[in-house]
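If you want the building blocks of each chain, they are given just below.
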Amino acid sequence: MEDRQTYEIKDICLGIYEGPHATPKVAKTGGIYLGIPALTSTGHINYDNIRYISDEDMPIWTKRVTPQEGDIVFTNEATLNLYAVIPPHFYGCLGRRLGLIRPNKDLVDVNYLFYYFFSPEWRETISKNKVSGATVERILMTKFPHFPISLPSLSTQQKISKILSTIDAKIENNRKINDNLALTA
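This text gives an overview of the structure that appears in the document. (Residues numbered from 1 in each chain as written. Predicted model: local features only at pLDDT ≥ 70, side-chain atom pairs only at ≥ 80, totals over all residues. Heavy atoms only, no water.)

Time to look at the nonpolar core. Grouped together as the largest cluster of nonpolar side chains are 24 residues, with contacts concentrated most on Ile9, Leu113, Phe117, Trp122 and Phe144. Those elements that provide at least two residues to this core are strand 5 (72–75), helix 2 (110–116), helix 3 (120–129) and strand 11 (148–151). Excluding anything up to four places from it in sequence, Trp122 contacts Ile9, Asn81, Tyr83, Tyr116, Phe117, Phe144, Phe147 and Pro148. Of all hydrophobic cores here, the second largest spans 16 residues; its members include Leu34, Leu39, Ile45 and Leu94. (Core = buried A, V, L, I, M, F, W, Y, C linked by side-chain atoms within 4.5 Å. Buried < 20%, exposed > 50% of the residue type's maximum accessible area, 1.4 Å probe, protein only. Helix = DSSP H or I, 4+ residues; strand = E, 2+ residues; numbered from the N terminus. Contact = heavy atoms within 4.5 Å.)

Right, here's the structure in full:
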């Protein structure tokens, strides 16, 4: 088994950001407002559960960060342990109670990091570091950059993420086939 190296999250990222502590006005069209309901437990963005923010309001809500392809969004309050990778051509902003990691692709494979966040090892890290507030559990964004993460070499990460991505694609394809069969039955 290949040796793994332990880092702090901040050491493998170009940036770690927190969403605004407010909620924008709802719009009928515009950019996507990523809130907790938009993230699924399986690591996807649920476009059926999307709110929009007007194009005019977007600059206000992207002052801290504008989500880019390959960024990983995550919940940092309330419902913890929800993650999603920002897809190509995404136009939107980070919502309340969400954080965003911009991985350094020279050090970490984005998909490997995404899958790692679902591992028992990472879940234990979150569990050990969560704080119970007056109304919800949260992780402190001041401490989050120092959370430990154990990684194999980049080439090993890429091999593992390729296998897992292939399996996920097959699962998604089978889900679509089942949905189509259910419609024709």
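Having seen the model, we can carry on.
Summarising the element assignment, Ser150 is placed in strand 11. Overall, the relative accessible area of 11% leaves Ser150 in the buried class.

With that settled, the discussion passes to the side chain of Thr62. Take Thr62: it is sitting in the loop between helix 1 (58–61) and strand 5. Once residues within four sequence positions are removed from consideration, Thr62 is found in contact with Gly92 and Cys93.

Another point: a nonpolar patch on the surface. Taken together, Ile160, Ile163, Leu164, Ile167 and Ile171 make up a surface patch of nonpolar side chains, about 420 Å² in accessible area. Here Ile160 shows up in helix 4 (residues 154–184). (Patch = residues over 30% accessible without salt bridge, like charges linked within 9 Å, V, L, I, M, F, W, Y side chains within 5 Å. Areas by Shrake-Rupley, 256 points an atom, 1.4 Å probe, with all protein chains shown as cover. Salt bridge = Lys/Arg side-chain N within 4 Å of Asp/Glu carboxyl O.)

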